[in-house]
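# Fold and contact review
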Amino acid sequence: MSSLAPQRREPGELFGPRFTLFADMLAVGVAAAVVSLPLITAPTAFAAACAVLRRSIREDRPVSMGEYVAEFRAHGLRRSVLAGVTVFAAVTLVVLDLALARAGLPGARPMSWALTALAATGLVLILRAAADPEAARGWRPALNRAASRSATDPTGCALIAAAVGLCVAFLWMLPLLALLLPGPLAFAITAVELRGEPPSDTESAGEDLSGQPRATAMDPASRSPAS
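Residues numbered from 1 in each chain as written. Predicted model: local features only at pLDDT ≥ 70, side-chain atom pairs only at ≥ 80, totals over all residues. Heavy atoms only, no water.

## A short note on the confidence of the model for the chain
Of all residues in the chain, 79% attain a pLDDT of 70 or more, and the chain-wide mean is 80. Contacts of residues 1–6 to residues separated by more than four positions or lying in other chains number 15 contacts, the stretch itself having pLDDT below 50. Every residue in residues 202–227 is under pLDDT 50, and counting partners more than four places away or in other chains gives 27 contacts. (pLDDT = per-residue confidence, 0-100. Contact = heavy atoms within 4.5 Å.)

## Observations regarding the side chain of S80
Within the element layout of this structure, S80 appears in helix α4 (residues 77–101). Residue classification places S80 among the buried positions, given a relative accessible area of 6%. Setting aside residues up to four positions removed in sequence, S80 forms contacts with I40, T44 and H75. (Helix = DSSP H or I, 4+ residues; strand = E, 2+ residues; numbered from the N terminus. Buried < 20%, exposed > 50% of the residue type's maximum accessible area, 1.4 Å probe, protein only.)

## Examining unusual backbone geometry
Positive phi outside glycine occurs at L39, with the angle close to 75°. By secondary structure assignment, the location of L39 is in the loop between α1 (17–35) and α2 (42–59). Exposure remark for L39: the relative accessible area of 54% places this residue in the exposed category. Unusually for a residue other than glycine, D60 sits at a positive phi of about 55°. Relative accessible area serves as the criterion here: at 34%, D60 is assigned to the partly exposed category.

Structure (structure tokens):
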């Protein structure tokens, strides 16, 4: 979702802006994977990836690692640890409940399906909260806004669930992709969240109300023929 205005390569430029965004996405994914190694930092690492990719898309500019580090530090140590511990505890609880539900207890099958649905819903909410532009100011308000968006945008929830499913499939086929997958996943969720937002100034500056690129004074096509 970079600028909708026509973009041309400069003389001698090997790669266009779309390839630059793709490279930034992979680099951010590697950074998020490395920062997530302590596990409890995973939510904050993913939220920082979504934040820098959001700015890169809306402002049509490349991402720097310094920007990612600054975004990660903006969450604060206390909020990062609390978010990580909460998510880790929730995941552990769901896994234990699923193990107990499959231990041959009465009603195990419906309980397993209910827990799976609950876990999927919680995962989508957490991912949408991580993609919230104000997540660094507090996870609880971000979760509330994510729940509101999910209630009004079930299509977005389905898209995010599909993105997670694809990442799991890719990881199952090729585990070495684990270092890269956080980037594409963060990009996909950010794109879903940007669907309902108005275009930024950099996106709307290059087109008129009809969706066509605006002619500028320097555009030869906008100049009237000399009489």
